[in-house]
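Here is how the chains run, residue by residue.
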Amino acid sequence: MKTEATIVGAGPTGLLAAETISKKGYNVAVFEEHKRVGYPVHCAGMISVEGFKRLGVEPDPLFHQNTVYGGRVYSNDGSCLTIKDNKPRAYIIDRGSFDKHLADRAVDAGVDICLGSRVEEIVLKQGVASSLKIDSSDVKSEVFIDAEGAKGRLLARSGIDTGQQGVYNGFNTELCVDSIEADMVEVWFDTEIAKDFFVWVIPISENRVRCGLGTSESNGATKLKKFVKKRFNKDSNTIHSGLICTGGPVNQTVYPGLMLVGDVAGQVKPTTAGGVVIGGLCGKIAGETTVKALESGNVQLLDEYDSAWRAKYGSELQTMLFLRSILNRMDNDRMNRIFSAFIEEGLEDKFTRLVEDGDMDMQADVIKRAVSDPVILGALAKSAGRIALSEILSVFRF
Ligand SMILES: Cc1cc2nc3c(=O)[nH]c(=O)nc-3n(C[C@H](O)[C@H](O)[C@H](O)COP(=O)(O)OP(=O)(O)OC[C@H]3O[C@@H](n4cnc5c(N)ncnc54)[C@H](O)[C@@H]3O)c2cc1C
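Here the residue index of a chain counts from 1 through its sequence in written order. This being a predicted model, a pLDDT of at least 70 is required before a residue's local features are given, and a value of 80 or more before pairs of side-chain atoms are given or counted; all residues contribute to the totals for chains, interfaces and linings. Heavy atoms from the whole structure form the basis of all side-chain values; hydrogens and water molecules are not counted.

## Considerations on the packing of helix H1 (residues 12-22) against helix H3 (residues 95-108)
In a pair of packed helices, the angle between the axes and the distance between the axes together describe the arrangement.
Line of reasoning, step 1. Axis lines are fitted through C-alpha atoms, for helices just across the contact stretch, and the angle between N-to-C directions can take any value from 0 to 180 degrees. Only DSSP runs of H or I reaching four residues or more are called helices, and only runs of E reaching two or more are called strands; each is numbered from the N terminus. For the pair H1 and H3, the least separation of the axes is 9 Å and the interaxial angle reads 15°. Classified by the interaxial angle, the pair formed by H1 and H3 is roughly parallel. The hand of the H1/H3 crossing is left-handed. Contacts between H1 and H3 involve Pro12, Leu15, Leu16 and Glu19 from the first element and Arg95, Phe98, Asp99, Leu102, Ala103, Arg105 and Ala106 from the second.
Line of reasoning, step 2. Three classes are used: nonpolar for Ala, Val, Leu, Ile, Met, Phe, Trp, Tyr, Cys and Pro, charged for Asp, Glu, Lys and Arg, and polar for all others, with Gly counted as polar. Taken together, the residues of the contact of H1 with H3 sort by class into 7 nonpolar, no polar and 4 charged. The scheme is simple: roughly parallel for angles under 35 degrees, roughly antiparallel for over 145, roughly perpendicular for 65 to 115, oblique for anything else. Crossings are sorted by hand: turned counterclockwise from the far helix by less than a right angle, the near helix makes the crossing left-handed, and turned clockwise it makes it right-handed. When checking whether two residues touch, look at their non-hydrogen atoms; a contact exists if any pair is within 4.5 Å.

Quick look at the structure:
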């Protein structure tokens, strides 16, 4: 059988690209190094309600575990801002079963998923992707999509350096707790525990949570154990680790015959490192671009992929990257002062309204509205100082 499109990686972005192409009648193969789709699981499993709609996926009981309405955001001195909506904001899912669901959909659409097949190299001939090296065989195809996940180790082995920045370690553990608000997540900003990111507590039920953190430092698992002990007075169970992408998109996502999608392309929200929705949507765009190129017999049309996904999500990701760079400059002291000022000024309602109107995936609008609100700016000036405020405004180029 001749394969027209070949994809590396059976994560959500590769699978959505594969399904899109196969639905149009083309032969698609996905190569996945693990023996089981979706495992091992690294992800915290929080996906926005609107994200599911955008991806065209129903929240199936096979993977849906819980629904959340808002969150409590803490600074390291325990100051807390509560933001709660009156409608469901996100679904908590079992990522392994979610990926399996996407794989089943892809197989139903005709995709051939080859498990336990590690791609050793993308072979480039005169700069054009021409085959994949798997074991001792060469797999040829007209179009290649690399959806290998963060860091791009396969790309590096193949001689392509994406220059991806801001890839940190993420850690997750699950534990039983005495009781927790089942409809609220917790986010903790504490640079001593989670430098350049945050800690999350995600309720799976009233007495079970998924707790994790991201950090630019190397001792994240130890820090997570300490956090769990302090927050729940419990010892951690097994800790799973993976890579989180916080540095925004890479500069180049198309090479002759080859497109990059998902984490490897940096199509991830730099604020939260959530990459299932925007990465998945970009996977669909890569699929549509492939169909266009195959229909016209002109592989050069793949070049359109880069501008197509950037036109939709480029400035969203850029604005989130600005906010990430500001958050990364905040030490605990400054963050505590900002939280106190927000609480003193009674800004919780304002934030709740912003979040109610806002979009968890396309965050640019809500970020811009927050940093142009005079009351929020006043509280920031009071707590972080005028110099810090002008730094923030300069980042947003106001
Ligand atoms: C701790 C943690 C928590 C997270 N929480 C969330 C969250 O709550 N919400 C959210 O939206 N996102 C979250 N993310 C991010 C999310 O997991 C990623 O953005 C998403 O999985 C990206 O999908 P992908 O298809 O690009 O890559 P992946 O899901 O990483 O899939 C890549 C696949 O490629 C395979 N592969 C790699 N190299 C090869 C090779 N050489 N040959 C064959 N196969 C290969 C891998 O085995 C893997 O199956 C989290 C990440 C981490 C680490």
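Past the structure itself, the notes keep going.
## Observations regarding helix H8 (residues 332-344)
Line of reasoning, step 1. Each residue after the first adds 1.5 Å to the expected span of a helix. For H8, built from 13 residues, the straight-helix expectation of 18 Å at 1.5 Å per residue is met to within 8% by its first-to-last C-alpha distance of 18 Å.
Line of reasoning, step 2. Within the sequence span of H8, burial applies to Asn332, Met335, Asn336, Ile338, Phe339, Ala341 and Phe342.
Line of reasoning, step 3. Downstream of H8 by a residue or two, Gly346 has a phi angle that is positive, lying close to 65°. Exposure classes here rest on a 1.4 Å probe applied to the protein chains alone. A residue is buried below 20% of its type maximum, exposed above 50%, and partly exposed in between.

## Digging into the side chain of Thr289
Line of reasoning, step 1. Here Thr289 lies in helix H6 (residues 276-296).
Line of reasoning, step 2. If we ignore the near neighbours within four places in the chain, the residues touching Thr289 are Met259, Leu301, Leu302 and Tyr305.

## Considerations on the pattern of salt bridges
Line of reasoning, step 1. Only one rule defines a salt bridge in this text: a Lys or Arg side-chain nitrogen within 4 Å of an Asp or Glu carboxyl oxygen. In this structure the tally under the stated criterion is 27 salt bridges.
Line of reasoning, step 2. Lys23 is the partner of Glu19 in a salt bridge, and the nearest nitrogen-oxygen pair spans 3.8 Å.
Line of reasoning, step 3. Between Glu50 and Arg89 there is a salt bridge whose closest N-O contact spans 3.6 Å. Linking Glu50 in helix H2 (residues 49-55) with Arg89 in the loop between strand S6 (80-84) and strand S7 (90-93), this pair joins segments that are 39 residues apart in sequence.
Line of reasoning, step 4. Residue Glu50 is classed as buried on the basis of its relative accessible area of 19%.
Line of reasoning, step 5. You can call Arg89 buried: its relative accessible area is 7%.

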